[in-house]
Amino acid sequence: MDIINRLSTDFERFYMANSILGIIVSSCPGSIAAMMVLADGNSVYHVIHLSWIVIVAMIYNASVLVGLKSKMVFLLQVISVLSSVLSIAYYIFIS
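Conventions and cut-offs
- Residues numbered from 1 in each chain as written.
- Predicted model: local features only at pLDDT ≥ 70, side-chain atom pairs only at ≥ 80, totals over all residues.
- Heavy atoms only, no water.
- Axes fitted to C-alpha atoms, helices over the stretch in contact; angles between N-to-C directions.
- Helix = DSSP H or I, 4+ residues; strand = E, 2+ residues; numbered from the N terminus.
- Parallel < 35°, antiparallel > 145°, perpendicular 65-115°, else oblique.
- Left-handed = near helix turned anticlockwise from the far one by under 90°.
- Contact = heavy atoms within 4.5 Å.
- Nonpolar A, V, L, I, M, F, W, Y, C, P; charged D, E, K, R; others polar.
- Expected span 1.5 Å × (residues − 1).
- Buried < 20%, exposed > 50% of the residue type's maximum accessible area, 1.4 Å probe, protein only.
- Phe/Tyr/Trp six-rings, centres within 6.5 Å; stacked < 30°, edge-to-face > 60°.

## Points about the packing of helix α1 (residues 2-13) against helix α4 (residues 70-94)
Turning to step 1, where the next piece is worked out: In contact at an axis separation of 9 Å, α1 and α4 are set at 120 degrees when each is read in the N-to-C sense. Of the possible angle classes, the one that applies to α1 and α4 is oblique. For the pair α1 and α4, the sense of crossing is right-handed. Residues Ile4, Leu7, Ser8, Phe11 and Glu12 of α1 form the contact with α4, whose own contacting residues are Ser70, Lys71, Val73, Phe74 and Gln77.
Turning to step 2, where the next piece is worked out: Among the residues forming the contact of α1 with α4, the class breakdown is 5 nonpolar, 3 polar and 2 charged.

## Focus on helix α2 (residues 15-40)
Turning to step 1, where the next piece is worked out: Under the 1.5 Å per step criterion, the end-to-end length of α2 is 37 Å for 26 residues, consistent within 8% with the ideal 38 Å.
Turning to step 2, where the next piece is worked out: All buried positions along α2 are accounted for by Tyr15, Ser19, Gly22, Ser26, Pro29, Gly30, Ala33, Ala34, Met36 and Val37.
Turning to step 3, where the next piece is worked out: Residues of α2 that are buried in the fold lie against α1, α3 (44-66) and α4.

## Here's the deal with the packing of aromatic side chains
The description of an aromatic ring pair rests on the distance of the ring centres and on the angle between the ring planes.
Turning to step 1, where the next piece is worked out: Under the counting rule described, the total for this entry stands at 3 aromatic pairs.
Turning to step 2, where the next piece is worked out: On the numbers, 5.9 Å between centres and 85 degrees between planes, the contact of phenylalanine 11 with tyrosine 15 is edge-to-face. The exposure classification of phenylalanine 11 matches that of tyrosine 15, with both residues buried.
Turning to step 3, where the next piece is worked out: Measuring from centroid to centroid gives 4.9 Å for tyrosine 90 and tyrosine 91, while their planes differ by 85 degrees, and the two rings are edge-to-face.
Turning to step 4, where the next piece is worked out: Taking the relative accessible area as the measure of exposure, tyrosine 90 reaches 29% and is therefore partly exposed.

## Observations concerning the packing of α2 against α3
Turning to step 1, where the next piece is worked out: Between α2 and α3, the shortest axis-to-axis distance is 9 Å and the interhelical angle comes to 170 degrees. Comparing their axes, α3 and α2 come out roughly antiparallel.
Turning to step 2, where the next piece is worked out: Here the residues of the contact of α2 with α3 sort into 11 nonpolar, 10 polar and 1 charged.

Structure below.
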């Protein structure tokens, strides 16, 4: 938990720079995950999975644009990046 608190504090201290960088960090793995989902097929499961990835990435982007508190933006960034990375790992190792 110490590393999460330290990252959250650093994110809060440099909020503008980290939120702009976070848009790139969130969108790049999100687009890779979306490409992998679409390359695997177009069933209902794939559409739901693709929708999840897009919605989570867009929620983070919207939270930056709206100007939510830094702790909430940091949490949304972590959720967005983790969901994209887990989706990428799923399609690399399992599918």
